[in-house]
There are 2 protein chains.
Amino acid sequence: MQSFKELIAQFSQHFAQQHFPEEPAKLYKAASHILEIGGKRIRPVLCLMGNELFDELNPDAFHAASAIELFHNFTLIHDDIMDKAPLRRGKPTVHTVYGDTAAILSGDVMLITVYDRLNKVNAKYQKKLITVFNKAAVEVCEGQQLDMDFEDLQPEEVDYDKYVNMIGLKTSVLLAASLQLGAIIGGGSEGNQEHLYAFGKNVGIAFQIQDDYLDAFGDPEKFGKQQGGDILANKKTFLLLKAFELCNDAQKAELKALLASNPADKVERVLRIFRDCKVDKWAEKEKERFTTAAFSHLEKIAVLSNRKEPLKELADFLLNRQQ
Amino acid sequence: MQSFKELIAQFSQHFAQQHFPEEPAKLYKAASHILEIGGKRIRPVLCLMGNELFDELNPDAFHAASAIELFHNFTLIHDDIMDKAPLRRGKPTVHTVYGDTAAILSGDVMLITVYDRLNKVNAKYQKKLITVFNKAAVEVCEGQQLDMDFEDLQPEEVDYDKYVNMIGLKTSVLLAASLQLGAIIGGGSEGNQEHLYAFGKNVGIAFQIQDDYLDAFGDPEKFGKQQGGDILANKKTFLLLKAFELCNDAQKAELKALLASNPADKVERVLRIFRDCKVDKWAEKEKERFTTAAFSHLEKIAVLSNRKEPLKELADFLLNRQQ
């Protein structure tokens, strides 16, 4: 059993291969561009950890992990087109450099390549892997569609539970499925797989709540982002949506006016409303609620408790918990 | 063994199922839209015929055929975005009705669904099916990229052999792979699979040459399209590219001038140049060359010759040959 840092190193080595041929150059340069931007490689490592929770690392886990990382990068290429995003991790996005056509096609080719990787695993669990993977893959697309649908709504029109559902689909089901794919390869039982999946899904949502919280209330020096970036972008977040539930009418009217304008003290004033209606306290509790649910599922997985240490360590790291 | 018309009817019945859930509505209405536009269903029927060439129809051939038809429709959705096409078969394209975002995502979901279908087949040949399918799927994307790359070139700058290669990737490899997938399911040997693939690929290219020819020289009443539509759209076709090889300098200059303008008699004048430099005769021979190659591969497939009748009948139908 290895720490997630060791597994990241192992996966990175495995993944540092030539994934695509040279020609047509534009198509494959576009595809390689997104992979070179890099990323934390959390999802593939979850797959490896799911395997190691039950058994020694199997080479098939690296194939599944590569499939997951390629899929994640495919979604980034296509999402950036839809969001008209100029930058990702400070680098120009694929469609910005290579145009929409090559960006659409390079995403398509990457999605096809996902299944080349899933075609390398042992036939005895290939069907199950594809079934679990495809369910998550479709849900990620559904989550993106729902997110785009929400764009046309005002924040006060978005139902909170539907928002949680969308975030779950868009960001958490792939984390959860990554763990489950590893568990299948490691020989985990159906029941254990389900608990592991639920652990991943709840960690994902808790992480997103924390992300929204830190963007608003975090220490910009520690967090490494501009404070209130989401507020300045009028982004729908857990905090903003909940504020419209918790605020009184005067506060709601002020929030709406602030969303419709860009005063110099916009961040400060929105944060004051958030604090006045205790959205900050609510977010801490809501994050805790999902974190508790996550760890309760981890608890129920029937393996020796020391095998769960790397997963606990990773969740503590992601959720910024003091150990 | 059944005629291709009987097989089209059988496939259509199998394919007339609910392929997608209801929600998110925009995503799945977009996906269903392209399927409702319909089509000739040639590719899935080739898959069924590939199976029947070697053995009785296996239900797995219907799964593979559905996968192929879904893949083809995925390419139509994404290609129409790239081509900014307003209409397909006289109906508004997916992105025209539902916007680019839902069009990109519905194509993505359809591509994922392809592998749900390929996940239903017998495990004994699943890996081989995915390998053959994925090779063709990637090549179709490569062909589309090359086609888009050619858009930036003048017709006289396009190398004829590269153009044939592009057409092969964009339109023929999927026909060829459809036949091969069926052959794998039907238990055809590797050698027979290769000949069947080559038959399909050559028929595809011959068909494309014929398509270009008929657009220029066909009887509009019989062909059902405006005569010279490709010429009016300055489309790169087999005829136009070859004309730049066969013409003398004066004819080339006139062709270039015609491409850069839109005189009322453009079609007539381009056709006169085509006839003067004998591009029409060349196209007839070139179509015959690929047709002959196709039938020579069909000949070499080691099954009783009467099993090949439905394939011959379909090729004769597609290639408009007198029997």
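Residues numbered from 1 in each chain as written. Chains lettered and ligands numbered in written order. Predicted model: local features only at pLDDT ≥ 70, side-chain atom pairs only at ≥ 80, totals over all residues. Heavy atoms only, no water.

**Focus on the relation of the copies chain A and chain B**
Then comes step 1: Note on the copies: chain A fits chain B at an RMSD of 0.0 Å, the axial shift is 0.0 Å, and the rotation between them is 180°. Such a combination of turn and shift is consistent with a two-fold rotation axis.
Then comes step 2: Of all interface residues in chain A, 100% are interface residues in chain B too; the two copies therefore contact each other through one and the same surface. (Least-squares fit on C-alpha atoms with pLDDT ≥ 70 in both. Contact = heavy atoms within 4.5 Å.)

**Observations regarding the packing of helix α11 (residues 238-246) of chain B against helix α14 (residues 279-300) of chain B**
Residue and element names in this part refer to chain B.
Then comes step 1: Direction vectors running N to C along α11 and α14 enclose 120°, while the axes themselves pass 10 Å from each other. The angle between α11 and α14 falls in the class oblique. Every pair of crossing elements has a handedness; the one defined by α11 and α14 is right-handed. Note on element contacts: α14 touches α11 through V279, W282 and A283, opposite F238, L239, K242, A243 and L246.
Then comes step 2: Counted by class, the contact of α11 with α14 contains seven nonpolar, no polar and one charged residues. (Axes fitted to C-alpha atoms, helices over the stretch in contact; angles between N-to-C directions. Helix = DSSP H or I, 4+ residues; strand = E, 2+ residues; numbered from the N terminus. Parallel < 35°, antiparallel > 145°, perpendicular 65-115°, else oblique. Left-handed = near helix turned anticlockwise from the far one by under 90°. Nonpolar A, V, L, I, M, F, W, Y, C, P; charged D, E, K, R; others polar.)

**Digging into helix α3 (residues 42-52) of chain A**
All names here are of chain A.
Then comes step 1: Counting buried positions along α3 gives eleven out of eleven residues, so the element sits mostly inside the fold.
Then comes step 2: By the burial criterion, the buried members of α3 are I42, R43, P44, V45, L46, C47, L48, M49, G50, N51 and E52.
Then comes step 3: Packing partners of the buried residues in α3 comprise α1 (4-15), α4 (59-82), α7 (160-186), α8 (190-217) and α15 (309-318). (Buried < 20%, exposed > 50% of the residue type's maximum accessible area, 1.4 Å probe, protein only.)

**Details of the nonpolar core**
Among soluble globular proteins, nonpolar side chains are generally buried collectively.
Then comes step 1: F71 and F274 of chain A together with F71 and F274 of chain B are the most contacted members of the largest nonpolar core, which totals 235 residues.
Then comes step 2: Both domains that meet at this core, namely domain 1 (1-135) and domain 2 (189-323) of chain A, each give it at least three residues.
Then comes step 3: In this structure F274 of chain B touches F217, I231, L239, L240, A243, V279 and D280 of chain B, once residues within four positions along its chain are discounted. (Core = buried A, V, L, I, M, F, W, Y, C linked by side-chain atoms within 4.5 Å. Domains from an automatic or database assignment.)

**What about the environment of D80 of chain A?**
Residues and elements named next belong to chain A.
Then comes step 1: For D80, the position within the fold is in helix α4.
Then comes step 2: As for D80 and G229, which are separated by 149 residues in sequence, their C-alpha atoms are 18 Å apart.
Then comes step 3: When residues no more than four places from it in sequence are discounted, the contact partners of D80 are A85, R88, T93 and H95.
Then comes step 4: A polar contact is formed between the side chain of D80 and the side chain of R88, at a distance of 2.8 Å. (Polar contact = N/O pair within 3.5 Å; in protein donor to acceptor, adjacent residues only side chain to side chain.)

**Looking at the interface of chain A and chain B**
Then comes step 1: Facing the 39 residues of chain A at the interface are 39 residues of chain B.
Then comes step 2: Of the roughly 3400 Å² buried at the junction of chain A and chain B (both faces included), carbon and sulfur atoms supply 66%.
Then comes step 3: A per-residue breakdown of the area chain A buries against chain B is headed by I112, K127 and Q145 of chain A, which together make up 19% of the total.
Then comes step 4: Our enumeration of links across chain A and chain B arrives at zero salt bridges.
Then comes step 5: The interface formed by chain A and chain B holds 16 residue pairs in polar contact (both at pLDDT 80 or more) in total.
Then comes step 6: Taken together, the elements giving at least two residues each to the side of chain A that touches chain B come down to α2 (25-37), α4, α5 (94-118) and α6 (123-151) of chain A.
Then comes step 7: When residues of the side of chain A that touches chain B are assigned to their parent elements, the largest contribution, 15 residues, is made by α6 of chain A.
Then comes step 8: The residue makeup of the side of chain A that touches chain B, split by class, is 23 nonpolar, eight polar and eight charged. (Buried area = accessible area lost by both parts, 1.4 Å probe. Salt bridge = Lys/Arg side-chain N within 4 Å of Asp/Glu carboxyl O.)

**Observations concerning the domain arrangement of chain A**
All names here are of chain A.
Then comes step 1: Assigned domains of chain A: these are domain 1 (1-135) and domain 2 (189-323).
Then comes step 2: The gap between the C-alpha centroids of domain 1 and domain 2 is 26 Å.
Then comes step 3: Opposite the 14 residues of domain 1 that make contact, domain 2 presents 16 residues.
Then comes step 4: With both sides pooled, the region where domain 1 packs onto domain 2 buries about 1400 Å², and carbon together with sulfur makes up 76% of that total.
Then comes step 5: Looking at the side of domain 1 facing domain 2, the largest losses of area belong to F4, L53 and F54, adding up to 43% of the total buried there.
Then comes step 6: Summed over the shared surface of domain 1 and domain 2, the number is one salt bridge.
Then comes step 7: In this structure, K128 engages E190 in a salt bridge whose closest nitrogen and oxygen atoms are separated by 3.0 Å.
Then comes step 8: There are three residue pairs in polar contact (both at pLDDT 80 or more) connecting domain 1 and domain 2.
Then comes step 9: When residues of the side of domain 1 that touches domain 2 are traced back to their parent elements, those giving at least two are α3 and α6.
Then comes step 10: Looking at the side of domain 1 that touches domain 2 element by element, the count peaks at five residues for α3.
Then comes step 11: Here the residues of the side of domain 1 that touches domain 2 sort into seven nonpolar, three polar and four charged.

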